[in-house]
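Listed below, chain by chain, are the residues.
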Amino acid sequence: MLFGSEAAKAQGRLDAQYEATLAGIPVGKGSWTIEIGDDAFSASAQGGTAGLLKAFTGGTGTGASQGRVVNGALVATSYTATTTTSKKSETIRMVLANGNVKDATIEPQPPVDADRIPVTDAHKKGVFDPMTGSMLRVPGNTELLSPDSCRTAAGVFDGRMRYDLKLDYKRLETVKAERGYHGPALVCAIYFVPIAGYIPDRPVIKYLAAQRNIEITLVPIAGTRILVPFRMTIPTPLGPAMLEATSFVTAAAPPRVAKTQ
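Thresholds applied
- Residues numbered from 1 in each chain as written.
- Predicted model: local features only at pLDDT ≥ 70, side-chain atom pairs only at ≥ 80, totals over all residues.
- Heavy atoms only, no water.
- Helix = DSSP H or I, 4+ residues; strand = E, 2+ residues; numbered from the N terminus.
- Rg over C-alpha atoms; globule rule 2.2 N^0.38 Å.
- Buried < 20%, exposed > 50% of the residue type's maximum accessible area, 1.4 Å probe, protein only.
- Contact = heavy atoms within 4.5 Å.
- Core = buried A, V, L, I, M, F, W, Y, C linked by side-chain atoms within 4.5 Å.
- Phe/Tyr/Trp six-rings, centres within 6.5 Å; stacked < 30°, edge-to-face > 60°.
- Pairing = 2+ DSSP bridges.
- pLDDT = per-residue confidence, 0-100.
- Salt bridge = Lys/Arg side-chain N within 4 Å of Asp/Glu carboxyl O.
- Polar contact = N/O pair within 3.5 Å; in protein donor to acceptor, adjacent residues only side chain to side chain.

> I'd like to hear about the overall build of the protein, residue by residue, with values.
Counting secondary structure elements, the protein contains five helices and 15 strands. In terms of C-alpha radius of gyration, the protein reaches 19 Å, essentially the compact-globule figure of 18 Å for 261 residues. Along the three orthogonal principal directions, the C-alpha set of the protein runs to about 65 × 40 × 35 Å. Evaluated residue by residue, the protein yields a buried proportion of 39% over its 261 residues. Sequence-distant contacts, at least 24 apart, represent 57% of the contacts inside the protein between residues at least 6 apart.

This is the structure we're talking about:
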């Protein structure tokens, strides 16, 4: 159980810049801003293709999640994601309550695909949106970057697909951004388990579900018990795909002091 002192510490902010590479070649850039207060949080991200890839696809995307902080846990109430390429633009919107999806829409509405495994109401219960699901809360007051922090799993619904992410401990290491964070990091193996809302024959789904070498490197947001990705590595037939923070500036917000007159 968390008490007031724990909640008072649950305040922090992150401003991060990421670069995506494939076999060492830059293919995208993005930013992520997270604010965690006493009783509310917000997170927003944006990114786009870069380098040679931009010439071919020119894709951009934005995402945002917000909600409440309940006993130190992040409980999302809304999620929006928009992706735009030269061919089309699509927006996913979700309304959530206590880990259950109340409403989810995709605009424009995608065509029905008979091969897609249907998502049931049961699949939309006890889940995170993709952004909140990538922020790992370590309950209690144990060491944040301990092997046990990796030993967890989350159900995620992204508006179209329901999947589980299972983590397991790999190692501890030190990471250093070009700007900001320099310190210890927790490296977890991550396993992707598709549940519903996907087409089983899709090669990318089969490939990701079979992977046993995906790694996610987590570091804390200052002033909180929330770990977020600093780096993610996925092996591909073309070489390693990596998303890594180039700037990771995080600070604890000063506790609010009641005014005395």
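> Describe the nonpolar core, with residues and values.
If you look at soluble globular proteins, the nonpolar side chains tend to sit buried side by side. Ranked by internal contacts, the top residues of the largest apolar core, which has 33 residues, are Trp 32, Ile 34, Ile 36, Met 135, Val 228 and Phe 248. Residue assignment for this core shows that the elements contributing at least two residues are β1 (12–22), β2 (25–36), β3 (40–49), β5 (73–84), β6 (89–97), β7 (100–107), β14 (226–234) and β15 (241–252). By residue number, the principal contributor to this core is β5, which donates four residues. In this structure Val 228 touches Leu 14, Trp 32, Ile 34, Ser 134, Met 135, Thr 217, Leu 218, Val 219, Ile 221 and Phe 248, once residues within four positions along its chain are discounted. The next biggest cluster of nonpolar side chains, apart from the first, holds 20 residues, and it includes Cys 150, Leu 186, Ile 190 and Tyr 198.

> For the packing of aromatic side chains, give the residues involved together with the corresponding values.
In this structure the tally under the stated criterion is four aromatic pairs. When the centroid spacing of 6.3 Å and the interplanar angle of 50° are considered together, the rings of Tyr 18 and Trp 32 count as tilted. Of this pair, Tyr 18 sits in strand β1 while Trp 32 is found in strand β2, placing the two residues 14 residues apart along the sequence. For the pair Tyr 18 and Trp 32, one class covers both residues: buried. Through pairs of rings, three or more aromatic residues link up here, namely Tyr 181, Phe 230 and Phe 248.

> Just give me the short version of the pairing of strand β9 (residues 153–157), but keep the residues and values in it.
Residues in a regular strand project their side chains so that they alternate between the two faces of the sheet. Where burial is concerned, most of β9 is hidden: four out of the five residues are buried. Relative to strand β10 (residues 162–176), β9 runs antiparallel, the two sharing five bridges. From the neighbouring strand, Ala 153 faces β10, where its bridge partner is Lys 166. What sits between β9 and β10 in their antiparallel hairpin is a turn of four residues, with Gly 159 showing a positive phi close to 100°.

> Tell me about the confidence of the model for the protein, residues and numbers included.
In the predicted model, the protein carries a mean pLDDT of 91, and 91% of its residues have values of at least 70. Counting interchain partners and residues more than four positions distant, the pLDDT-below-50 stretch residues 1–9 has 11 contacts.

> Could you give an account of the pairing of β7, with specific residues and numbers?
As judged from the seven bridges shared by β6 and β7, these two strands associate in the antiparallel manner. Following the sheet pairing, Met 94 is matched in β7 by Ala 104. What sits between β6 and β7 in their antiparallel hairpin is a turn of two residues, with Asn 98 showing a positive phi close to 55°.

> Account for the side chain of Ser 65, naming residues and giving values.
Along the polypeptide, Ser 65 turns up in strand β4 (residues 60–70). The class for Ser 65 is buried, based on a relative accessible area of 1%. The contact partners of Ser 65, leaving out residues within four places of it in the chain, are Phe 41, Ser 42, Ala 43, Ala 76, Ser 78, Tyr 79, Asp 129, Met 131 and Thr 132.

> Give me the pattern of salt bridges: which residues, what numbers.
Taken as a whole and judged by the stated rule, the model has 12 salt bridges. Measuring nitrogen to oxygen at the nearest pair gives 2.8 Å for the salt bridge that ties Arg 151 to Asp 148. Overlapping salt bridges, with partners in common, bring together Lys 170, Arg 171, Glu 173, Glu 215, Arg 231 and Glu 244 in one network.

> Residues and numbers for the environment of Ala 20, please.
As for its position among the elements, Ala 20 is in strand β1. The class for Ala 20 is buried, based on a relative accessible area of 19%. With sequence-adjacent residues up to four places away left out, Ala 20 is seen in contact with Ile 25, Pro 26, Val 27, Gly 28, Met 242 and Leu 243.

> Could you give an account of the side chain of Thr 91, with specific residues and numbers?
Position of Thr 91 among the secondary structure elements: in strand β6. Within the structure, the side chain of Thr 91 is placed 3.0 Å from the side chain of Thr 82, a separation counted as a polar contact. When neighbours within four sequence positions are excluded, Thr 91 is seen to be in contact with Thr 80, Ala 81, Thr 82, Thr 105, Ile 106 and Glu 107.

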